[in-house]
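Architecture and fold: a report
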Amino acid sequence: MRSRVAWKTAPGLFLASLVILVFAQPAAALNADYWRGGWRTPLGDAPHIYEFVIRGNRVTGVYCRNCSDATTIGFIDGTWDEKSGIDFKVTFANPSGRIVSVDDQHAMLVEGRLIVTGAAGIPNGKTLTLVKDPRGADPGGAPAYHLPPGTPPALPARPAGGGAGGVGGAGVGGGGGRGIGAAPYWQAGPFKTLRPADIVGSWITSFGLGMNRQIFTFLLVGDRLRGVVCGRCDNPYTMGAIENVIIVGDRLYFDIVHQDWGEIDPPTFDRSIVAQVVQNEMIAAVLGNGVVIDRANPPARPAGRGFTNVGPIAPEGTRGNSSEGVDVWGTGTGSAIQPPPGRAPIVPVIPAR
């Protein structure tokens, strides 16, 4: 099945002066660390964002035009080979999980950029040119490491402990408390026995509100829950695919997949989350990294406040949401795609032969 969506694109600047990639080696010699993770069209161009999760030669992940708009999100499945690139499909489904379109695409590294053919909405068979976002990850209170290998980390701009927590920096669950001496959590009712339909939609965290708020979006594809978490939602270095979603009774388990950024070096790991829902409040906590869930003996949610998401907002209710072009380089920087004085873009590195 193949269907095209009539999205409009607009010309933009390539930001060649910002994303300078050293490339003197054929793509066939580059391992998965040079392909994996987030890619987007250059700042100033119509947004297309891809998150590639590569495990062996298997590829999964997320695509979106604006990841805070759940109606633009599709899911990636395919294969990767260092010589032939990434062959994949992007699947879009309606809120009930019925598949409405599948788009066959191919991605290839060329001179340090990822060239995508077959993308929906690109007229006359033209290609998409994708780059690593020059803004890099939000380090929070600790350095945030990047891939490709050799790319410098993002360093904290304020003292350790001053970060907002969340998906970046210290990782999901770094915020959400109300300060020292806060009253114990007072549960508003019994936890809900969950169905996939109870989870579908966007959930907003109660910490880090504003541009860097965390948005967890879960969607059904057939009978399978998949998702993405982002904040901000136009930078691939501040988002991650949600995979391995499991429901056991009143507990929801899922992994936030870090493929090319995070506080661990190298930044390729899965952060495992457990959550329970009471009314429209999702109480969540970090279980660890790479935790495998045994349905017969699922782990309990750790004691403590964890963090809270509120939702779900139906996908249609998010239509039109976008932070594209808004304070591109940080608070008060406006729509300029050039970095402000004192802000150095990250320079991803692809090694010489």
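On a predicted model such as this, the values are computed, not experimentally measured, just so you know. (Residues numbered from 1 in each chain as written. Predicted model: local features only at pLDDT ≥ 70, side-chain atom pairs only at ≥ 80, totals over all residues. Heavy atoms only, no water.)

On to the sheet that holds strand E2 (residues 37-40), then. In space, the eight strands of this open sheet follow the order E2-E3-E4-E5-E6-E7-E8-E9, with antiparallel pairing throughout. Looking at the sheet topology across the chains shown, the edges are occupied by E2 and strand E9 (128-130). Each neighbouring strand pair of the sheet contributes to a mean axis angle of 25°, computed without reference to strand direction. Alignment of strand E7 (residues 99-110) against strand E8 (residues 113-117), held across five bridges, turns out to be antiparallel. Of the residues in E8, the one forming a bridge with Leu109 is Leu114. (Pairing = 2+ DSSP bridges. Helix = DSSP H or I, 4+ residues; strand = E, 2+ residues; numbered from the N terminus. Axes fitted to C-alpha atoms, helices over the stretch in contact; angles between N-to-C directions.)

Within this structure, the stated rule accounts for 15 salt bridges. Here Asp33 makes a salt bridge to Arg36, at a shortest N to O gap of 2.8 Å. Accessibility expressed as a relative area gives 23% for Asp33, which makes it partly exposed. The network of salt bridges with shared partners includes Asp133, Arg135, Arg232 and Asp234. (Salt bridge = Lys/Arg side-chain N within 4 Å of Asp/Glu carboxyl O. Buried < 20%, exposed > 50% of the residue type's maximum accessible area, 1.4 Å probe, protein only.)

Attention now goes to the packing of aromatic side chains. If you walk through the whole model with that rule in mind, you get nine aromatic pairs. Taking the centre distance of 6.3 Å and the plane angle of 65° together, the rings of Trp35 and Trp80 count as edge-to-face. With Trp35 in the loop between strand E1 (22-24) and E2 and Trp80 in strand E5 (residues 74-81), the pair connects residues that are 45 residues apart, well separated along the chain. Of the two residues, Trp35 and Trp80, neither departs from the other in class, the shared state being buried. Aromatic side chains Phe216 and Phe254 sit 6.1 Å apart centroid to centroid with 70° between the ring planes, which places their arrangement in the edge-to-face category. Placement of the pair is Phe216 in strand E12 (residues 215-221) and Phe254 in strand E15 (residues 251-258), with a sequence separation of 38 residues. Chaining the aromatic ring pairs together yields one cluster made of Tyr50, Phe52, Tyr63, Phe88 and Phe92. (Phe/Tyr/Trp six-rings, centres within 6.5 Å; stacked < 30°, edge-to-face > 60°.)

Here we come to the environment of Ile215. Position of Ile215 among the secondary structure elements: in strand E12. Sequence separation of Ile215 and Val310 is 95 residues, and the distance between their C-alpha atoms is 9.6 Å. Apart from the residues lying within four places of it in its own chain, the contact partners of Ile215 are Ser68, Ser202, Trp203, Ile204, Val228, Val229, Cys230 and Cys233. (Contact = heavy atoms within 4.5 Å.)

Taken as a whole and judged by the stated rule, the model has two disulfides. Between Cys64 and Cys67 runs a disulfide, and the two sulfur atoms are separated by 1.7 Å. Taking the sign of the S-S torsion, about -70° here, the bridge from Cys64 to Cys67 comes out left-handed. Residue Cys64 is classed as buried on the basis of its relative accessible area of 0%. Here Cys67 falls in the buried class, since its relative accessible area comes to 1%. (Disulfide = S-S within 2.5 Å.)

Another aspect to go through is the sheet that holds strand E18 (residues 281-289). Read around the barrel, eight strands follow the order E11-E12-E13-E14-E15-E17-E18-E19 and close on themselves; strand pairing throughout is antiparallel. Across the sheet, the axes of successive neighbouring strands diverge by a mean angle of 30°, strand direction being ignored. Looking at chain direction, strand E17 (residues 269-278) and E18 are connected through eight bridges and run antiparallel. Paired with Val274 across the bridge in E18 is Ala285.

A few words on the nonpolar core. Across soluble globular proteins, you tend to see nonpolar side chains buried next to one another. Counting 39 residues, the largest nonpolar core has Ile73, Ile199, Phe216, Phe218, Leu225, Leu252 and Phe254 as its most contacted members. Counting only elements with at least two residues in this core, the list comes to strand E3 (49-55), strand E4 (58-64), E12, strand E13 (224-230), strand E14 (239-248), E15, E17 and E18. Counting residues per element, this core draws most heavily on E12, at six residues. Ignoring anything within four residues of it in the chain, the contact list for Leu225 reads Pro196, Ile199, Val200, Phe218, Leu219, Leu220, Val245 and Ile247. In this structure, Leu30, Val59, Phe88 and Ile122 belong to the second largest nonpolar core, which totals 25 residues. (Core = buried A, V, L, I, M, F, W, Y, C linked by side-chain atoms within 4.5 Å.)

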